[in-house]
Amino acid sequence: MDTADHPTQPGTVPGPSPQADDVSGHTYETATARIEEIIRRLDSGEAGLRETLDLCREGKALVELCAAELDAVGRGLEELRLDELVARLEG
Amino acid sequence: MAADPAPVPAGIPGSALPGPWPVGAYAAKLRAELRKRARLQLFGEAWNLRFTPVRVWFELRDADGALPCAMWREDAERCGVRPGALADGARVVVGGGPDYYPGSRTASPAFSFHVTELRVAGEGDLLAQLARLRRVLDADGLLAPQKALPRPALPRAIGVVCAETGKARDDILAGLARRGWAGRLVWAFAPVQDRHAAPRITRALQDLAATGAVDVIIVARGGGSLADLLCFCDETLCRTVAMLPVPVIASVGHHTDRTLLDDVAAVSCSTPTHAAEAAVTRHVGESRAALRAAAASLDRHARRAIVDRAHALARLSGAPGRYVRRERERLHQRLRELRAAARRRAGDERTHVRRAATVLARKAQAARTARAAEGAALRRRAEALHRAPGEAARDRRRRLEALAAALTAHDPQRTLERGYALVEDAAGRPVTSAAAARAAGSVALRFADGRAAACVRPDPDATEP
């Protein structure tokens, strides 16, 4: 059984990003791609305990980011005319 | 059943014009007058070619004017005009004359130039101009920048440039609804057909991009001929779109028409519905479900990472006790086996010793018996030895006497005693031939009572054997 962390080789297997909780640089696409990568790594069973926990923490932060994006495009259609938008932005 | 003719109405009071006359009569008269006009040849660009089972319709255009044209289908086919044979804008020469369909109460009238002959003269000027402009835009590198812009799969805000009325608007809403998208939609309405359209569309695009509040812009117009879509081939509009920092999705006309906007835009779609789907590439509901599944998977992994390891540690912590128990049982088993083996060994040894003692006893008895037999034999031999010397001496004496008698029989002395003599040389060796006697010269004669010397004389009569 694997109880120790295996060092991951850069470029071969995805490890937790250096700042696992900082997902602000992600777009929805890169976030979902990273989540899929994390789940593939976890499914492989090769991640040690420390790496697993780091990946889960990073994945949850990314899920929250994606959920916010989905909420923004799913809370209800808002139709504006261009001049209304300009007025709102200027106001 | 013929309807009663309506009474002729009174004319317009104060009008100096004659009449009123029935319109049908006037329409028939107009057709007759038009048909009297000279038949001739015209040239221009053929646009909006449409085929029906019996007629072929198109418009003949140039920069200064246009004329609706009609042909009988069989005339068209005789001239090589078949569906797909003529692209919009093709340069043609037509022969014919003006005609007029007077219509009726249930049919619309129509004016047309009745074409009986047609020759294709080449690609139209307009298409050639568009091709040249497309090459210029390409050479300036303006066909690529939009395509290099990143497009979000789920844009939060979408700008739309289209006509305020028309089907394109509804189609875009339907396409967005099909994706489950319900974000912010910013409408920038503009005319999409006539000479004012291109500047207004250009301005709308610039304004939308300037707000910085939209992630993607759709430019949409319903179907139409390429002539109707010429505003989307405007050079200024195309150069503006090419340099816009927001990706533009073009949906202008149908897939058979390709404007220059389609070339410079990030994406070109055949319908506004497709444009909406290209703007939102993921289905929001499906994405939400996938995200839920991903979140559940992450939770499961996080839980299992700890619980599985806890179970493993618990298993490991019980292992030493299990190992000691197992070793103790193994040692006890060994002990039992050793004891059993020792018992077996002792029994075997006892049996072996007993068997050896029996063998030794038997051997001792045999030795005693042998010793007794040997004693008896010795005694018998002693007795025999004790008796043996007398008999043996007698036997030897008898054998000696026999030998002495035999020797005596062969003794030469006995022969000498009977009167014979033995001739010997000086060394006492017998001389057994006359030649030896002559050679020796002197010999001794041995008689029974002693020796006598003799000399051998040569005998003249004697002959050598």
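What comes next concerns the included structure. (Residues numbered from 1 in each chain as written. Chains lettered and ligands numbered in written order. Predicted model: local features only at pLDDT ≥ 70, side-chain atom pairs only at ≥ 80, totals over all residues. Heavy atoms only, no water.)

Focus: the overall build of chain B
Then, in step 1: The number of helices and strands found in chain B is twelve helices and 13 strands.
Then, in step 2: Per element, the accessible surface of chain B, about 29,600 Å² overall, is 56% carbon and sulfur. (Helix = DSSP H or I, 4+ residues; strand = E, 2+ residues; numbered from the N terminus. Areas by Shrake-Rupley, 256 points an atom, 1.4 Å probe, with all protein chains shown as cover.)

Here's the deal with the sheet that holds strand E11 (residues 422-424) of chain B
Residues and elements named next belong to chain B.
Then, in step 1: Taken together, the three strands give an open sheet; going across it, the order is E11-E12-E13, and neighbouring strands pair in antiparallel fashion. Strands with a single pairing partner mark the edges of an open sheet, and in this sheet they are E11 and strand E13 (450-455). Across the sheet, the mean angle from the axis of one strand to that of its neighbour is 30°, orientation sign disregarded.
Then, in step 2: Taken together, the six bridges between strand E12 (residues 442-447) and E13 define a ladder with antiparallel strand orientation. Following the sheet pairing, Phe 447 is matched in E13 by Gly 450. (Pairing = 2+ DSSP bridges. Axes fitted to C-alpha atoms, helices over the stretch in contact; angles between N-to-C directions.)

What about the pattern of salt bridges?
Then, in step 1: Taken as a whole and judged by the stated rule, the model has 30 salt bridges over all chains.
Then, in step 2: Across the pair Glu 78 of chain A and Arg 184 of chain B runs a salt bridge whose closest N-O atoms are separated by 3.0 Å. Separated into two different chains, Glu 78 of chain A in strand E1 (residues 78-81) and Arg 184 of chain B in strand E7 (residues 184-189) make up a pair that spans both.
Then, in step 3: A residue is classified by how much of its surface remains accessible, and Glu 78 of chain A, at 28% relative accessible area, is partly exposed.
Then, in step 4: By relative accessible area, which is 24% here, Arg 184 of chain B ends up partly exposed.
Then, in step 5: Across the pair Arg 134 of chain B and Asp 263 of chain B runs a salt bridge, and its minimum N-O distance is 2.3 Å. Within this pair, whereas Arg 134 of chain B is found in helix H3 (residues 125-139), its partner Asp 263 of chain B is found in helix H8 (residues 260-264), the two being separated by 129 residues in sequence.
Then, in step 6: Residue Asp 263 of chain B is classed as buried on the basis of its relative accessible area of 10%. (Salt bridge = Lys/Arg side-chain N within 4 Å of Asp/Glu carboxyl O. Buried < 20%, exposed > 50% of the residue type's maximum accessible area, 1.4 Å probe, protein only.)

Description of the interface of chain B and chain A
Then, in step 1: Taken together, the 41 residues of chain B in the interface contact 42 residues of chain A.
Then, in step 2: Both faces combined, the contact of chain B with chain A buries some 3,400 Å², and carbon together with sulfur accounts for 66% of it.
Then, in step 3: Taken together, the links from chain B to chain A amount to five salt bridges.
Then, in step 4: Note that Glu 164 of chain B and Arg 81 of chain A form a salt bridge whose closest N and O atoms lie 2.8 Å from each other.
Then, in step 5: Run the count over chain B and chain A and you get 17 residue pairs in polar contact (both at pLDDT 80 or more).
Then, in step 6: Elements supplying a minimum of two residues to the side of chain B that touches chain A: helix H5 (167-178), E7, helix H6 (197-211) and helix H10 (284-410) of chain B.
Then, in step 7: If one sorts the elements of the side of chain B that touches chain A by residue count, H10 of chain B sits on top with 16 residues.
Then, in step 8: Within the side of chain B that touches chain A, the residues separate by chemical class into 24 nonpolar, six polar and eleven charged.
Then, in step 9: Sheet topology places E1 of chain A next to E7 of chain B; four bridges connect them, and they run parallel. Considered in E7 of chain B, the bridge of Leu 80 of chain A is made with Val 186 of chain B. (Contact = heavy atoms within 4.5 Å. Buried area = accessible area lost by both parts, 1.4 Å probe. Polar contact = N/O pair within 3.5 Å; in protein donor to acceptor, adjacent residues only side chain to side chain. Nonpolar A, V, L, I, M, F, W, Y, C, P; charged D, E, K, R; others polar.)

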